[in-house]
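Per-entry structural report
Listed below, chain by chain, are the residues.
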Amino acid sequence: MKGELNPVPPVVVTRTDLDNFSLERIIFKSDLMSINYLELGTQAARSVGRIRIQSSDRGIEGYGTGFMVSPKLLLTNHHVLPSHQLTSFSQIEFNYQDGTNGQPLHSVVFNLDPETFFLTDEHLDYTLVAVRDEALNNLNLSEFGWNRLIEAEGKVIVGEYVSIIQHPSGESKQLALRENQLIDVLEDFLHYQTDTAPGSSGSPVFNDQWEVVSLHHSGVPKRDRQGRILAIDGKIWTEDQGEERVDWLANEGVRISRIIKHVKQQRLSGDQKQLRNQMLESQPNPARKRPFEKEGVCSVNFSQATSSDGTVTWTIPIQISVKLGQPAIASSTSTLSNDDTRKQQIIESRSLEEALEEFREASRRTYYDEVADEQNRDNYYRDLTRRVSFLDSEDLYRELNNLLTRTHSKRLSYKPSSVLYPWVDLHPDLKLRSIYSGQAFDPEDLIREDFQIDQLRALRTQELQLKESTLTQEQYKKELDLLEASLPYNCEHVVPQSWFGKAEPMRGDLHHLFACEIPCNSFRSNYPYFDFDDYEEREAIRDSCGKLSGDKFEPSKGKGEVTRATLYFLLRYPGEINKTEREYKAERIETLLKWHNANSPTEYEKHRNAAIFEKQGNRNPLIDFPDLGNKIAFRLGLG
């Protein structure tokens, strides 16, 4: 009938239809957690307390948060307890929280003991102080346990979630749980999006394994180009508006690895060293209430002891001894046995020793043998040198591309600690230097540090493989990229890896790899090189790393080196650098050639070129024949 709506027939789903699908689905990334996550979080929360900041007359001046990091030591912020004197009047209050029945628990207060141990640092914003063992109501400090601090990096990566246990505004203990994403990893700090308030300063920030990853200390406000704080309406913020009107970008915590490093560097008395060592070396055995210790049930004495050979003994009161072997981590495709793990550790140990031995051998080698290198150079280009004068710029580009590709006989994997630091990238004084800042480093330190990063990467990759089946291929790749970004080497690809998708052999090609401290590496990001006319137009500058404005970067040092490495890349890998503003337009090559002509190859570059020739078989023509720079059609290398 005209004007009537045709009824829509109901959709009938049959059992046969459902057989083709899973009835339950993991949507994007799995948010499922083991049920023990809640119990472990409750245990971790036991050692977190409210700091009562008090004056000499015991009047309350404010509140903060702190937590036990050893049987005796408490960690909080420097701006919470900045001085020995103020700390001596202040207290830590545990159990200031609601119980399961919604009623407040009886809190327990301990005096602080800065006479026994007090260490503070304004830059890292931490204070480490001893706590008196006996509470004001005669309870023992061990009742509240402690959270061990782990020095290793990589405990959390960008994109993962953190949780914060805190006393916001001095209120009862509260938890910002999981939906708090880590958005940036800086040299000394982490940035994350989570809710905190005054009084939250000094709170522990946990990863999903309830390991402390940072010490919360402040918010990060949005600023204009002059560095002025902005309000949520986009205007300049003033103090009279109150903190609730600030346009907050994120919260910031101090990295635990940096705090531990600083603590280790301090000169302490004998007794203080013992307390520090107890914090760094002991395993927590907190006396927390256990399931069989409920009211009305007979309590069982429980103890644990660890012997030097790794045997752990629990007394329940019966005694059971267990000796743990090497851990084996299963992946989605295979399971590592104890033997496999031991073999891998042996291989890694050998690789480290070989790298260190190659560096130690450097002092007995000729740093750069000019005569021998000129002979190698002439032999390498023999067939080409006779024809160079007859080739136009495009033919010369193609001839060099063919030569560099054909002679690239050994395709190295990306492992700078083994193939770059021990010999290739050494300067004449046998030091490594940042390509952007010029800062000198002991090669042995960087070799060891990057080997440790390798081990952490391998461990976290194996953990990621365990949940690979719950991720799409794209999600897995993104997780892997985030993992590597959180555990970077002290090495720079002058042509950023994101431009060529981290593909080999580009990723491991030594000609465009240089030592570079992590802060400068992160500061440059994947921005193209640029020559600024006016320093004042920049948006940011990072010490001696260089200038950054918008999506352009000019390094402070190494302009000649990075230019010749980039031009080599254009010759060797045509099409991998795109003809875009984000990478390099054709006119931007003129800037590179300008830097090339203004900065002649140094002995350091010639040494690198000769050493890379030995390792991977090809050479950089811009170092061997600088005058060729203006004769090659580099634009053919742009995709």
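To start, this report covers the structure provided alongside it. On a predicted model such as this, the values are computed, not experimentally measured, just so you know.

Quick look at the sheet that holds strand E7 (residues 126-130) now. Strand pairs in the sheet, formed through backbone hydrogen bonds, run parallel or antiparallel to each other. Here we have 7 strands laid out as an open sheet, ordered E5-E4-E1-E2-E3-E7-E6, and antiparallel in their pairing. Two strands lie at the open edges of the sheet, namely strand E5 (108-111) and strand E6 (118-121), each paired on one side alone. Taken over all neighbouring pairs, the strand axes of this sheet differ in orientation by 30 degrees on average, direction set aside. As paired elements, strand E4 (residues 91-94) and E5 share 4 bridges and run antiparallel to each other. Bridge pairing in E5 places Ile 92 opposite Phe 110.

Topologically, Glu 374 is positioned in helix H7 (residues 370-380). The spacing of Glu 374 and Ala 610 is 236 residues in sequence and 9.5 Å in space, taken between C-alpha atoms.

The next subject is the nonpolar core. Counting 78 residues, the largest nonpolar core has Tyr 421, Tyr 529 and Phe 634 as the members making the most contacts within it. Secondary structure elements with two or more residues in this core: helix H6 (338-362), helix H9 (393-407), helix H11 (443-466), strand E21 (513-515), helix H13 (518-524), helix H14 (559-572), helix H15 (589-598) and helix H16 (603-616). In terms of residue count, H14 provides more of this core than any other element does, 7 residues in total. By size, the runner-up hydrophobic cluster in this structure holds 30 residues, among which are Ala 44, Val 48, Phe 67 and Leu 75.

With an omega of 5 degrees, the peptide bond between Glu 504 and Pro 505 qualifies as cis. Topologically, Pro 505 is positioned in the loop between strand E20 (491-493) and E21. Positive phi outside glycine occurs at Asp 125, with the angle close to 55 degrees. Despite not being glycine, Ser 169 has its phi angle at roughly 55 degrees, a positive value. Within the fold, Ser 169 resides in the loop between strand E8 (163-166) and strand E9 (174-176).

Counting through the fold element by element, Gly 558 comes out in the loop between strand E24 (552-555) and H14. Each C-alpha atom of the pair Gly 558 and Gly 438 lies 7.9 Å from the other, and the pair is 120 residues apart in sequence.

Now for the environment of Gly 560. By secondary structure assignment, the location of Gly 560 is in helix H14. As a C-alpha pair, Gly 560 and Glu 605 span 45 residues in sequence and 9.3 Å in three-dimensional space. Here Gly 560 is in contact with Trp 595, Asn 599 and Glu 605, once residues within four sequence places are set aside.

Moving on, we get to the side chain of Asp 509. Looking at where Asp 509 falls in the secondary structure, it is placed in the loop between E20 and E21. For the buried Asp 509, no salt bridge exists, and the shortest N-O distance to an oppositely charged side chain is 4.8 Å, to Arg 572. Once you skip the residues sitting within four places of it in the chain, Asp 509 turns out to touch His 408, Tyr 568, Arg 572, Tyr 573 and Gln 616.

Turning to the state of the cysteines, a few remarks are in order. One pass over the structure, following the stated rule, counts 1 disulfide. A disulfide bridge connects Cys 520 with Cys 545, and the sulfur atoms are separated by 1.9 Å. Measuring handedness by torsion sign, the sulfur bridge of Cys 520 and Cys 545 sits at about -80 degrees and is left-handed. Taken together, the residues span a long stretch of sequence, with Cys 520 in helix H13 and Cys 545 in the loop between strand E22 (540-542) and strand E23 (546-549) at a distance of 25 residues. Each member of the pair Cys 520 and Cys 545 is classed as buried. Sulfur of Cys 491: no disulfide; nearest cysteine sulfur belongs to Cys 516 and is 8.4 Å away. Note on Cys 491: relative accessible area 3%, which makes it buried.

Taken together, Asp 369, Glu 370, Glu 374 and Glu 603 make up a surface patch of like negative charges. Mapped onto the fold, Glu 603 is located in helix H16.

This part takes up the pairing of E7. The buried count for E7 comes to 5 of 5 residues, which makes it a mostly enclosed element. Where strand E3 (residues 73-76) lies against E7, 4 bridges are found, and the strand directions are antiparallel. The residue of E7 that forms the bridge with Thr 76 is Thr 127. Strand direction decides the pairing type here: E6 and E7, joined by 4 bridges, are antiparallel. In the strand pairing of E7, Phe 118 is matched with Val 129. Hairpin remark: E6 followed by E7, antiparallel, with 4 residues in the connecting loop; positive phi at Asp 125, about 55 degrees.

Conventions and cut-offs
Residues numbered from 1 in each chain as written. Predicted model: local features only at pLDDT ≥ 70, side-chain atom pairs only at ≥ 80, totals over all residues. Heavy atoms only, no water. Pairing = 2+ DSSP bridges. Helix = DSSP H or I, 4+ residues; strand = E, 2+ residues; numbered from the N terminus. Axes fitted to C-alpha atoms, helices over the stretch in contact; angles between N-to-C directions. Core = buried A, V, L, I, M, F, W, Y, C linked by side-chain atoms within 4.5 Å. Buried < 20%, exposed > 50% of the residue type's maximum accessible area, 1.4 Å probe, protein only. Contact = heavy atoms within 4.5 Å. Lys, Arg positive; Asp, Glu negative; His and termini not counted. Salt bridge = Lys/Arg side-chain N within 4 Å of Asp/Glu carboxyl O. Disulfide = S-S within 2.5 Å. Patch = residues over 30% accessible without salt bridge, like charges linked within 9 Å, V, L, I, M, F, W, Y side chains within 5 Å. Areas by Shrake-Rupley, 256 points an atom, 1.4 Å probe, with all protein chains shown as cover. Charge placed at Lys NZ, Arg CZ, Asp CG, Glu CD.

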